[in-house]
Amino acid sequence: MCLSAGLSATGALADEPPAQSGQGTKLHGAAVFDENHVNVLFTTSPRASCMSTGLSQGGLVGSKRTGSGLCGPLNYVGYEFTAEGTPERKFRIVSAAPHASIYETCRNIGLPNPPPPVMGTTWEYEVTWSTPLTQPQPLCPANNVALAVPLRWVQDSVLQPWRLVYTTDSFTFACVPKHVSACEFEDGGVIAKCVDWGYPPWHSTARTLTGQVLSGTTVAGYPLTGTNTEAVSFHQTCLRMATADYCGVGHSNTVDDTPIAFHDTKYAPLTSAGGVIPQLSGAAVQDHYFEAAWVDCTQDKTDSNPAPACRPTLGGSPNNGLIPPRYGALCLSKRRWASFPLAGSCFDPQGLTLEPSNRDFAPKFCEDYTEEELEARGARFFSFSRFLDTGLYQFRHDASPDRAVTTTAYFPPQQLPKHPNLVAPNTAVLGASSGYAMFRFEGALLSKKIAPALRAKLGLKGLYRCARVDSSGQKHFLTTTIPDGSTTGDPSDACPATLGWWLDVPAQGTALDALEGYVSPVDAGVTGTPLSLWQDDDNHFITTTTSPGIGWTELQPPLGYIPGNP
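Summary of the structure given here.

Rules behind the numbers
- Residues numbered from 1 in each chain as written.
- Predicted model: local features only at pLDDT ≥ 70, side-chain atom pairs only at ≥ 80, totals over all residues.
- Heavy atoms only, no water.
- 1 Å grid on protein atoms, 1.4 Å probe; cavity = no way out; pocket = protein on both sides within 12 Å on 5 of 7 lines; lining within 4 Å.
- Points joined across faces, edges and corners; volume = space filled by probe spheres on them.
- Nonpolar A, V, L, I, M, F, W, Y, C, P; charged D, E, K, R; others polar.
- Phe/Tyr/Trp six-rings, centres within 6.5 Å; stacked < 30°, edge-to-face > 60°.
- Helix = DSSP H or I, 4+ residues; strand = E, 2+ residues; numbered from the N terminus.
- Buried < 20%, exposed > 50% of the residue type's maximum accessible area, 1.4 Å probe, protein only.
- Lys NZ or Arg CZ within 6 Å of the ring centre and 35° of its normal.
- Pairing = 2+ DSSP bridges.

Some remarks on empty space enclosed by the protein
Any empty space left between atoms is shown by rolling a water-sized probe over those atoms. The full count for this structure, using the stated rule, is three cavities of 30 Å³ or more. In this structure, the largest cavity spans a volume of roughly 100 Å³. Across the lining of the largest cavity, the residue classes tally to six nonpolar, three polar and one charged.

A closer look at the packing of aromatic side chains
Throughout the structure, instances matching the rule amount to 23 aromatic pairs. On the basis of an interplanar angle of 65° and a centroid distance of 4.9 Å, the ring pair of Tyr393 and Tyr410 is categorised as edge-to-face. Of the two residues, Tyr393 is situated in strand β23 (residues 389–397) and Tyr410 in strand β25 (residues 410–411); the sequence distance between them amounts to 17 residues. The residues Tyr393 and Tyr410 share a single accessibility class, namely buried. An aromatic cluster is present here, built from Phe33, Tyr76, Tyr79, Phe81, Phe91, Phe171 and Phe173 joined pairwise through their rings. Over the aromatic face of Tyr289 sits the side chain of Arg335, whose NZ or CZ is 3.7 Å from the ring centroid. Here Lys364 stacks its cationic end above the ring of Tyr369, 4.1 Å away from the centre of that ring.

Considering the pairing of strand β32 (residues 529–535)
Of all the seven residues making up β32, six are buried; the element is thus mostly covered by neighbouring parts of the structure. Here β32 pairs with strand β34 (residues 553–562) via six bridges, running antiparallel. Residue pairing in the sheet places Leu533 in a bridge with Leu555 of β34. With four bridges connecting them, β32 and strand β33 (residues 541–544) associate as antiparallel partners. Bridge pairing in β33 links Ser532 to Thr544. If you look at the hairpin formed by β32 and β33, you'll find five residues sitting between the two strands, and Asn539 has a positive phi there, around 65°.

Structure (structure tokens):
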């Protein structure tokens, strides 16, 4: 993810916050770890014989006997560690060096007397890995260094998500993002990013990226204990936030390079009513809006119903009992609800079987809590986003599939009696009469605000809105992409002129006004739901992620793929 932070405790912008590009979908940034959860055992051969060895604050620490018989430091260069499980994997330390937060170093570029970065005893390592059948190869794909983090993967049952617990007898590697230029980084793993943001899974007295030190009391007056347990709590909540793992199940709901900003509970800017402000100020973050509050479920101090991510779930067998996730989002803001593919998630378990208008589900928006109430429910972080995604909704006129429009032209959701992502069509943008009502939330598009460089990197395709007027004067809509066989690549090529369609551009408008957003050309990661165009015998069209019923034919191939709501 791209990250911004740096508001001071006074609420003013102390420094222009850093903004960096990078991935937010992988915890480790190393394929051997991200594809299989690996615990590396803290045992070596030969074992250090002078004094004790240990795993502390991100460093493999120990001592060795020198030629004079005295004890000296042991940096483990040349040592080989073995991972649990099969196939057998060995990890070899090639080089070691003290580690400084890449973000702390980055934001002090150009200062005459920059403060020295503080990371305690954290070390970084160049690492190779191998199996009995393979030659050693770099652990980190970009040849970047890795941190040795004292965390252990645990799975309570085969049907439960993996979780991390603090340990000193095994560890996990996490690749550090690689510097590109200025404050731009890429690759790496979210575990290392949270460490460098100032939230390692061990007690630290260093400044976090928000400019705070996790000591004293929180905004709501709760004491910060300075223990490893508390540090692990902040670290693991950070992992959920950085990967947009709303339900705390190990599933990322973001795409790489999505800009975010955050505050922790040491300091958060508040409204006059005591809530977290809805939008950040400052040139670098003025378009960042409140997204979600992220909690450690064990810190809930209320007797209220647990947050969606904290509700107990049944284990893999009767003997497993109820197993609660520990970290996730307590609530979502109105803006996030508008584009959140919720079907079947912890926020809406009935979403796979019922349409929104038929459900009785109305949780509180984040805006409906005070910061004190959020902390009382276990909040550790408050994230803000530029919202590069936008909700894609299907509306129908008088419930008729013959007059459907699939569009991002809607009014934000309000507090409604049924479901928080029920929205109303913006008929002014559509230039259509009233009578349209929401029929289906299709999922999310990457919005028109996405940077051209990221659009090119992901190979995104524009989704355009076309229109025609029939003999009775009724307006019809068609939402589609430019055909692959287009000779000009002009947006107007999306609209079949031979059937009477034109690009739905208002007077004095441009093609950008008819652009709904972007779809991915490939089924990959979170963008895994096909968005298809359907047609009936009367040349009516519906763009949807599910079949509109009898009499409609799906035009192949799909227009593209989106984070869908199947």
